[in-house]
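Below are the chains, spelled out letter by letter.
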Amino acid sequence: MELTGKRFVVAGAGRGIGLAVADVFAAEGAIVARVDLDFEGEASGVGQSQLVCDISSRAAVEATFAVAVEQMGGLDGLVNTAGIERRVPAEELTDADWDAMLDVHLRGTFLTNQVAFRYLCEGGGRIVNFGSHAGLQPAVHASHYAAAKGGVIAWTRSVAQEWGQYGITVNCVLPAMRTPMYDEYRERLSVDELRLHDERMAQQIAIGGRLGDPATDLAPVLVFLAGDGSRFITGQLIAVTGGFGTTR
């Protein structure tokens, strides 16, 4: 098992990608603190705990990491998958829409990374953030999401340069996975909109023509990024998309 004995906070692990990552990390021998606002069920598997936390609140993040690190006996890395999805035409965005999106994605990344740094700076470790191709290309009716993810990408690249001297790698994954959040988006589409959406997915995703599975298609990549084999990889955008989109 590649992560035996390593200790990770996985933010956004109440469901979807974060839950899949936490389960696979635990199966690989890691000790995992699952962090989220809500959880679909009790933590499963040996070496998992769950802590309720609003990652947009500095006080909450600091308190949650303190508990997690005490419970696990230290920290070797952070995977921050937390996110929300709301589609609104740019001209209709409210201040509340904008603030909610940037608070979770960008402020949450800033806070979790900065607090994790305090525990990693002496012995090194791994930080994996979650971006999106929306941060690299136009995102219709999701300009606030695109702005937030563009910020996550820029932050990741910058702190990777600053924190490399401490033996900390910081990378950004760009996923194209099927999640409960995506399923909720599909439910809001009309029959015709859904047909067109699926046709576009079939054309744009080279492998299989549809979004990947978080447990089998994404989590193994994160196991590598969290392990010893990735010690010389930092500041990178790593697309796990089946061929959807391009990075630069």
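Here's a quick rundown of the structure.

What counts and what doesn't
- Residues numbered from 1 in each chain as written.
- Predicted model: local features only at pLDDT ≥ 70, side-chain atom pairs only at ≥ 80, totals over all residues.
- Heavy atoms only, no water.
- Helix = DSSP H or I, 4+ residues; strand = E, 2+ residues; numbered from the N terminus.
- Rg over C-alpha atoms; globule rule 2.2 N^0.38 Å.
- Axes fitted to C-alpha atoms, helices over the stretch in contact; angles between N-to-C directions.
- Parallel < 35°, antiparallel > 145°, perpendicular 65-115°, else oblique.
- Left-handed = near helix turned anticlockwise from the far one by under 90°.
- Contact = heavy atoms within 4.5 Å.
- Nonpolar A, V, L, I, M, F, W, Y, C, P; charged D, E, K, R; others polar.
- Phe/Tyr/Trp six-rings, centres within 6.5 Å; stacked < 30°, edge-to-face > 60°.
- Buried < 20%, exposed > 50% of the residue type's maximum accessible area, 1.4 Å probe, protein only.

Counting its regular elements, the chain contains seven helices and seven strands. Starting at the N terminus, the α and β elements of the chain follow one another as β-α-β-β-α-β-α-β-α-β-α-α-α-β. In terms of overall dimensions, the chain is globule-like: its C-alpha atoms have a radius of gyration of 17 Å, near the 18 Å expected for 248 residues. Each principal axis of the C-alpha atoms in the chain carries an extent, and together these give about 55 × 40 × 35 Å.

Relative to each other, helix H1 (residues 16-27) and helix H7 (residues 214-226) sit at 60°, their axes nearing to 9 Å. Classed by the angle they form, the pair H1 and H7 counts as oblique. The two elements H1 and H7 meet at a crossing, and its hand is right-handed. Contacts between H1 and H7 involve Ile17, Ala20, Val21, Val24 and Phe25 on the former and, on the latter, Pro214, Ala215, Leu218, Ala219, Leu222, Val223 and Ala226. A breakdown of the residues in the contact of H1 with H7 according to their chemical character gives twelve nonpolar, no polar and no charged.

The full count for this structure, using the stated rule, is five aromatic pairs. For the ring pair phenylalanine 117 and tyrosine 166, a centre distance of 5.1 Å and an interplane angle of 85° mean the geometry is edge-to-face. Note that phenylalanine 117 is positioned in helix H3 (residues 95-120) and tyrosine 166 in the loop between helix H4 (143-163) and strand E6 (168-175), a separation of 49 residues in sequence. Using a relative accessible area of 17% as the deciding quantity, one classes phenylalanine 117 as buried. Within the aromatic cluster, the residues linked to one another by ring pairs are Phe110, Phe117, Trp155, Trp163 and Tyr166.

We now examine the packing of helix H5 (residues 180-187) against helix H6 (residues 191-204). In contact at an axis separation of 10 Å, H5 and H6 are set at 135° when each is read in the N-to-C sense. One finds that H5 runs oblique with respect to H6. Counted together, Tyr182, Tyr185 and Arg186 of H5 and Leu194, His197, Asp198 and Met201 of H6 form the full contact between these two elements. Residues of the contact of H5 with H6, tallied by class, amount to four nonpolar, one polar and two charged.

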